[in-house]
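Here is how the chains run, residue by residue.
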Amino acid sequence: MTNSAVNDQEPALIEVGAGNSMRRISVRARTGTSPGLIWLGGFNSDMAGTKALALDAWAAEHARACVRFDYSGHGESGGAFIDGTIGRWLEESVAVFEQFCRGPQVVIGSSMGGWMALLLAREIARRQTSPASPASPASLAGLVLIAPAPDFTEQLMWNGFTPEIRQEILTKGVWMRPSQYGDPYPITRTLIEEGRNHLLLGSAIDVGCPVRILQGAQDPDVPWQHAFALAHRLPSEDVVLTMIQDGDHRLSRPQDIARIIAAVAEIG
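Given the structure is predicted, the values throughout are model-derived calculations rather than measurements. (Residues numbered from 1 in each chain as written. Predicted model: local features only at pLDDT ≥ 70, side-chain atom pairs only at ≥ 80, totals over all residues. Heavy atoms only, no water.)

### Quick notes on the overall build of the protein
Counting secondary structure elements, the protein contains 8 helices and 10 strands. Radius of gyration (C-alpha) of the protein: 18 Å, near the 18 Å computed for a compact globule of 268 residues. Expressed along its principal axes, the backbone C-alpha trace of the protein runs to roughly 50 × 45 × 40 Å. Going through the 268 residues of the protein one by one, you find that 51% of them count as buried. Here the protein displays about 11,800 Å² of accessible surface, and carbon together with sulfur accounts for 50% of that area. Within the protein, the 29 negative side-chain charges are centred at a point lying 2 Å from the centre of the 22 positive side-chain charges. (Helix = DSSP H or I, 4+ residues; strand = E, 2+ residues; numbered from the N terminus. Rg over C-alpha atoms; globule rule 2.2 N^0.38 Å. Buried < 20%, exposed > 50% of the residue type's maximum accessible area, 1.4 Å probe, protein only. Areas by Shrake-Rupley, 256 points an atom, 1.4 Å probe, with all protein chains shown as cover. Lys, Arg positive; Asp, Glu negative; His and termini not counted. Charge placed at Lys NZ, Arg CZ, Asp CG, Glu CD.)

Encoded structure:
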């Protein structure tokens, strides 16, 4: 498998939001058969990562539809990363799903994208039961969640921050968090506080479709216990959690990619 096929796509640009909150989102959509694939990336990541490109190349080889995009403040999309919130990025995810996906879809979410996938599933279910919402042209075939990080702003950030870091966020509105993957990046008070509107792990999560979770036991960013907590909140039927004993957070090695693609193919 090669990733050369991904280079033949020109990005589409859509506008999400209104007024001062409007941002331009870059989307790369490949037409093909169903179930289609839609990629939801991680926090401070983009659609040109190893996993996203590998999935797009697999979709091209199998004539499957595939959609990738960057959240605002990420990659090719407009907007500033520091302005991002879970609700803002969810709004963009829903807009891309509604505008570019047709028929059943396998939603693949990595890290924060796993949280986005669960929130997207809930929003799709809400719209299907709301008489005021137009019928969606797309539906869920299943979710593939890679080191999923639902509620990470609260569980994995705020609850783990020292009193000094919390105070800096509360008083200055932002803290620059060091990263082993690159330059320090901002964690804002708005990100933390707005994230509390979207917490999922306090109750049952009914997504209405098969779920496959892949988690590395050596993940320093999302502990494997977090994946177990999520699995316990999901319905018992057709939910499979795969623990990769030597896996890290990225799960981007060839053997990890093979497992991800196998999970996608298993769903449909």
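Now that the structure has been shown, we can carry on.
### Description of the pattern of salt bridges
What the rule picks out here adds up to 16 salt bridges. Between Glu-91 and Arg-23 there is a salt bridge, with its nearest N and O atoms 2.7 Å apart. In this pair, Glu-91 sits in helix α2 (residues 86-100) while Arg-23 sits in strand β2 (residues 23-30), placing the two residues 68 residues apart along the sequence. Its relative accessible area of 3% is what places Arg-23 among the buried residues. A salt bridge links Glu-193 to Arg-189, with the shortest nitrogen-to-oxygen separation between them at 2.7 Å. Of this pair, Glu-193 and Arg-189 both sit in helix α6 (residues 189-195), 4 residues apart, which is roughly one turn of that helix. Bridged by salt links that share partners, the residues Glu-98, Glu-123, Arg-126 and Arg-127 form one connected network. (Salt bridge = Lys/Arg side-chain N within 4 Å of Asp/Glu carboxyl O.)

### Concerning the side chain of Ser-110
Here Ser-110 lies in strand β5 (residues 103-110). When residues no more than four places from it in sequence are discounted, the contact partners of Ser-110 are Trp-39, Leu-40, Gly-41, Gly-42, Lys-51 and Ile-146. (Contact = heavy atoms within 4.5 Å.)

### Some points on the packing of α2 against helix α3 (residues 112-129)
Two elements in contact, α2 and α3, have axes separated by 10 Å at closest approach and are oriented at 60°. Taken together, α2 and α3 sit at an angle that is classed as oblique. As α2 packs across α3, the resulting crossing turns out to be right-handed. Between α2, through Ile-86, Trp-89, Leu-90, Ser-93, Val-94, Phe-97 and Glu-98, and α3, the contact on the second element is made entirely by Met-112, Trp-115, Met-116, Leu-119, Leu-120, Glu-123, Ile-124 and Arg-127. Among the residues making up the contact of α2 with α3, the classes are represented as 11 nonpolar, 1 polar and 3 charged. (Axes fitted to C-alpha atoms, helices over the stretch in contact; angles between N-to-C directions. Parallel < 35°, antiparallel > 145°, perpendicular 65-115°, else oblique. Left-handed = near helix turned anticlockwise from the far one by under 90°. Nonpolar A, V, L, I, M, F, W, Y, C, P; charged D, E, K, R; others polar.)

### Some details on the packing of helix α1 (residues 50-61) against helix α8 (residues 254-267)
Helix packing geometry: the angle between the two helix axes and the distance between the axes. For the pair α1 and α8, the least separation of the axes is 11 Å and the interaxial angle reads 50°. Comparing the axis directions of α1 and α8 gives the class oblique. Of the two elements, α1 crosses α8, and the hand of that crossing is right-handed. Contacts from Thr-50, Lys-51, Ala-54, Leu-55 and Trp-58 in α1 reach Ile-257, Ile-260, Ile-261, Val-264 and Ala-265 in α8.

### A few points about the pairing of strand β1 (residues 12-16)
Every other side chain in a regular strand lies on the same face of the sheet, so the side chains alternate between the two faces. Relative to β2, β1 runs antiparallel, the two sharing 5 bridges. Across the sheet, residue Glu-15 finds its bridge partner in β2, namely Arg-24. Where β1 folds back on β2, the antiparallel hairpin that results is connected by 6 residues, among which Gly-17 adopts a positive phi of roughly 90°. (Pairing = 2+ DSSP bridges.)

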